[in-house]
Amino acid sequence: MIRTHTAGSLRAEQVGEQVTLAGWVARRRDHGGVVFVDLRDASGVVQVVFREEDAHDLRVEYCIAVEGAVGKRPAGNENPALPTGEIEVTAAVLRILSTSAPLPFPLDDHVEVGEEARLRYRYLDLRRTGPARAMRIRSELNHLARNFLHERDFVEIETPTLTRSTPEGARDFLVPARLRPGSWYALPQSPQIFKQLLMVAGMERYFQIARCYRDEDFRADRQPEFTQLDIEMSFVTEDDVIELSEALVARVWMELAGHQVTRPFRRIPYPESMARYGTDKPDLRFGCELVDLTGYFTDTPFRVFRAAYVGAVVQPGGASQPRRTLDGWQDFARQRGGKGLAFVLVGDDGELGGPVAKNLSDAERSGLLAATGAEPGDAIFFAAGEPADARPLLGAVRLEIGRRGGLIDESQWAFCWVNDAPLFERTDRTDDVAVGSGRWTAVHHAFTSPNSDWIDRFEDDPEHALADAYDLVCNGNEIGGGSIRIHQAEVQRRVFAMMGLDAEQAQQKFGFLIDAFAYGPPPHGGIAMGWDRWAALLAGVESIREVVAFPKSGGGFDPLTGAPAPITPEQRKEAGVDARPKADPPG
RNA sequence: GGCCCCGUAGCGCAGCUGGUUAGCGCGUCGCCCUGUCACGGCGAAGGUCGCGGGUUCGAGUCCCGUCGGGGUCGCCA
């Protein structure tokens, strides 16, 4: 090594020692006769004092090596803000290892820099303490998970990234196969099929920190390539997967957030989650639960409330918000596909106001506070219609109430499971025709097992059949999801049939998995953790872009490399991109 | 794909109902400075106002289109 110590590790105990340091000029304070340089390396910063002429030429982010002596700072000159603030290094020899051009943006922790600039020069951005810390937290996270899973006898196995389309239902990224012009690889949307094959292979306990690829439109917390901690286990029930997952969460949150989680996590059946929170990923850090008023308004004179479902959310103190803000809620609802939001304002005297109030009967008005739990000074928002439309709208309103009102305790970690999800979903509601052509499609994916209550009779009532599936939720984020898989060929055949896939079509799409399942597949199940989101939560950042080393910006563009980029005619020819298939491919 | 917001010096931003020379802070460059720590002082350079078209005597400002970024709904587990 060309250095003897790291800058951030020096303390008063080293006073008097000769040291050689190497790092970057984080800041310099040139007083003419004396020059102070904050020397930064991965461990931190230390102040270096120069009294020689050559230090005047130093500029920010020059990479330098310094030989000198550690000394105690003169009395009164200590900097208590710095771990190394009691000491300084007086330089005897300065070597400039490399110089730096003027920076495109300041690498200063108190300066806000636009994301576009940061990503274009991510290698500079990552020199800053915040982004550097995020990378290190993610590394620790990986390390903890690997150790934990190895302790529990898991086998880390890499699965192919050049493969065949997997049945997740998103759009595939495709890679031309040079040796078979006209044929294409797909990048995996997840290692789903491979991990099940590994169970057939008798590996029993598999995990992988797996890169996954989905060619879908962008969202704040989405990247076209992202990472899952992928886990699959043989001979387990839902409880086993949940126990393992909770133990992992407990370990990770203890080590990285200093937080002791309370186990077991609450388990909320999917229907209850939709009824109380209007979402399948409830944020349990605050109340304001949805109130079902369908029964309350059965005989209402107000037409709008004579619906399959009427629900409400109470906004504490909402009665005093100005007209403009109330109009804003209407826009909020319309943006989410609602017609608007009915509301009632409860005056401080308990008197009901707002346009809806006069449409209600006297009895409805007098009992409304008791029915909704509202108090004087509150606002009550209503949505009426199909439960599948009205509840998510109220769920969104609930979240917004929490955010605007500062009702969410940001220091809290609220974990829960949402299970007992429906097995199927009507295709006419989702337009998802990726897997089959039937009226029903899998909510989770086609290999999710019906639970024990339904496994023999899901055909009788597909709408209400329940899956052996479970989602892990933290603070309103879905951070993991999994299921017990189907391991009996006959059950799989029946599930495919519900989705409109006959034996021949199933064979075409998933032939290799069905073939494998002919050879004594073990009962198995697993879970996939949204690893980028775990890292983002633990790092305390909003966007998963902050915990990806080189993230893509909107449109899948990489501002650093400029990818995707055009290819040359030669590459085009060689890759076989333009090869014409001989006939229409099957499926 | 729909809707909303943004694009002005290297970075972060201001620029009113259109008005003649487009500002501020940081950074950069030069000179000065022996105890600073987001050091300080004096001075200087730096702009196709994203791009194209239109309205107007006159456009950073208004209109249309387009590109890029962010958010959101659709999509996506």
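Just above sits the structure.
Quick caveat, the model's predicted, so the values are computed rather than measured.

Conventions used here
- Sequence order as written defines the numbering, with residues in each chain counted from 1.
- To label them, take the chains in the order written and letter them from A, then take the ligands in the order written and number them from 1.
- The predicted origin of the model limits local features to residues at a pLDDT of at least 70 and limits the giving and counting of side-chain atom pairs to 80 or more, whereas totals for whole chains, interfaces and linings rest on all residues.
- Side-chain metrics in this entry use all non-hydrogen atoms of the structure; hydrogen atoms and water are not considered.
- Runs of E in the DSSP output that reach at least two residues are strands. Runs of H or I that reach at least four are helices, and both are numbered from the N terminus.
- A 1.4 Å probe rolled over the protein chains alone gives each residue an accessible area, and that area as a share of the maximum for its type sets the label: buried under 20%, exposed over 50%, partly exposed in between.
- By definition, two strands form a pair when at least two bridges between them are found by DSSP.
- Throughout, a contact is declared for two residues whenever any of their heavy atoms are within 4.5 Å.
- Axis definition: a line fitted to C-alpha atoms, limited for helices to the stretch in contact. Angles are taken between N-to-C directions and run from 0 to 180 degrees.
- Each salt bridge in this description consists of a side-chain nitrogen of Lys or Arg and a carboxyl oxygen of Asp or Glu lying within 4 Å of one another.
- Disulfide: a pair of cysteine sulfur atoms within 2.5 Å of each other.
- Here, proximity means that at least one heavy atom of the residue falls within 4 Å of the molecule or strand.
- Counting of polar contacts relies on pairs of N or O atoms within 3.5 Å, with two restrictions inside protein: one atom must be capable of donating a hydrogen and the other of accepting it, and residues adjacent in sequence are counted only when both atoms are side-chain atoms.

Colleague: Mind showing me how you'd approach the overall build of chain A here?
Modeller: Summing up its helical and strand segments, chain A has 14 helices and 22 strands in all. With the principal axes as the frame, chain A shows a C-alpha extent of 90 × 75 × 50 Å. A burial count over chain A gives 47% of its 587 residues as buried.

Colleague: Honestly, the sheet that holds strand 21 (residues 477-484) in this entry has me stumped. Any pointers?
Modeller: Backbone-to-backbone hydrogen bonds pair the strands of a sheet. The strands run either parallel or antiparallel. In spatial order, the strands read 6-9-10-22-21-20-17-11; together these eight strands make up an open sheet with mixed pairing. In this open sheet, the two edge strands, each paired with only one partner strand, are strand 6 (155-156) and strand 11 (266-269). Pairing of strand 20 (residues 469-474) with strand 21 involves six bridges; the strand directions are antiparallel. Across the sheet, the residue bridging to Asp 471 is Gly 481, located in strand 21. Docked against the sheet, helix 4 (residues 192-200) engages strand 9 (205-213), strand 10 (225-234) and strand 22 (524-530), running at close to 20° with respect to strand 10. Against the sheet, helix 13 (residues 531-539) touches strand 9, strand 10, strand 20, strand 21 and strand 22, its axis set at about 50° to strand 22.

Colleague: Honestly, the pattern of salt bridges in this entry has me stumped. Any pointers?
Modeller: Side chains that differ in charge, positive against negative, can pair when their charged atoms come close. The final tally for this structure, using the stated rule, is 36 salt bridges. A salt bridge links Arg 211 to Glu 225; the shortest N-O distance between them is 2.7 Å. Placement of Arg 211 in strand 9 and of Glu 225 in strand 10 is noted, with a sequence separation of 14 residues between them. Since its relative accessible area comes to 42%, Arg 211 is described here as partly exposed. A residue is classified by how much of its surface remains accessible, and Glu 225, at 26% relative accessible area, is partly exposed. A salt bridge links Arg 263 to Glu 246, with the nearest nitrogen and oxygen atoms 3.8 Å apart. Of this pair, Arg 263 sits in the loop between helix 5 (238-257) and strand 11 while Glu 246 sits in helix 5, placing them 17 residues apart in sequence. Judged by its relative accessible area of 37%, Arg 263 is partly exposed. Residues participating in the shared-partner salt-bridge network are Arg 118, Arg 122, Asp 125, Arg 128 and Glu 546.

Colleague: I would appreciate a short explanation of helix 11 (residues 489-498) in the present structure.
Modeller: In an α-helix, one full turn covers 3.6 residues, which means residues spaced three or four apart are oriented alike. Along helix 11, the residues classified as buried are Val 491, Gln 492, Arg 494, Val 495, Phe 496 and Met 498. On its buried side, helix 11 packs onto strand 18 (424-426), strand 19 (440-442) and helix 12 (503-516). Of the residues one or two after helix 11, Gly 500 is the one with positive phi, at around 85°.

Colleague: It is not clear to me how the environment of Gly 23 should be interpreted in this structure. Could you clarify?
Modeller: One can find Gly 23 in strand 1 (residues 18-30). A sequence separation of 95 residues divides Gly 23 from Arg 118, and the C-alpha atoms of the two residues are 21 Å apart. Those residues in contact with Gly 23, other than ones at most four positions away along the chain, are Leu 39, Arg 40, Asp 41, Tyr 62, Cys 63 and Ile 64.

Colleague: Sorry if this is basic, but what is going on with the state of the cysteines here?
Modeller: Under the definition given, this model contains zero disulfides. There is no disulfide at Cys 288, and the cysteine sulfur nearest it, in Cys 416, is 17 Å away.

Colleague: I'm lost on the protein's contact with RNA strand B in this one. Help?
Modeller: Close to RNA strand B lie 44 residues; Arg 27, Arg 51, Asn 77, Pro 104 and Glu 168 are nearest. Taking the atoms of RNA strand B that fall within 4 Å of the protein, sugar and phosphate contribute 56% of them. One of the side-chain N or O atoms of Arg 59 is found 3.3 Å from a phosphate oxygen in RNA strand B. One nitrogen or oxygen atom from the side chain of Asn 79 is found 3.2 Å from a base oxygen belonging to RNA strand B. Looking at the surface near RNA strand B, the elements that each hand over two or more residues are strand 1 and helix 1 (115-120).

Colleague: Explain the sheet that holds strand 14 (residues 342-346) here, please?
Modeller: One open sheet holds the five strands; their spatial order is 12-13-16-14-15, and the pairing between them is antiparallel. Sheet topology places strand 12 (291-292) and strand 15 (352-353) at the edges, where each strand pairs with a single neighbour. Relative to strand 16 (residues 379-385), strand 13 (residues 309-315) is paired through seven bridges, and the arrangement is antiparallel. Looking at the pairing, Val 314 lines up with Ile 380 of strand 16. Sheet contacts for helix 7 (residues 323-335): strand 13, strand 14 and strand 16; angle to strand 14, the most-contacted strand, approximately 150°.

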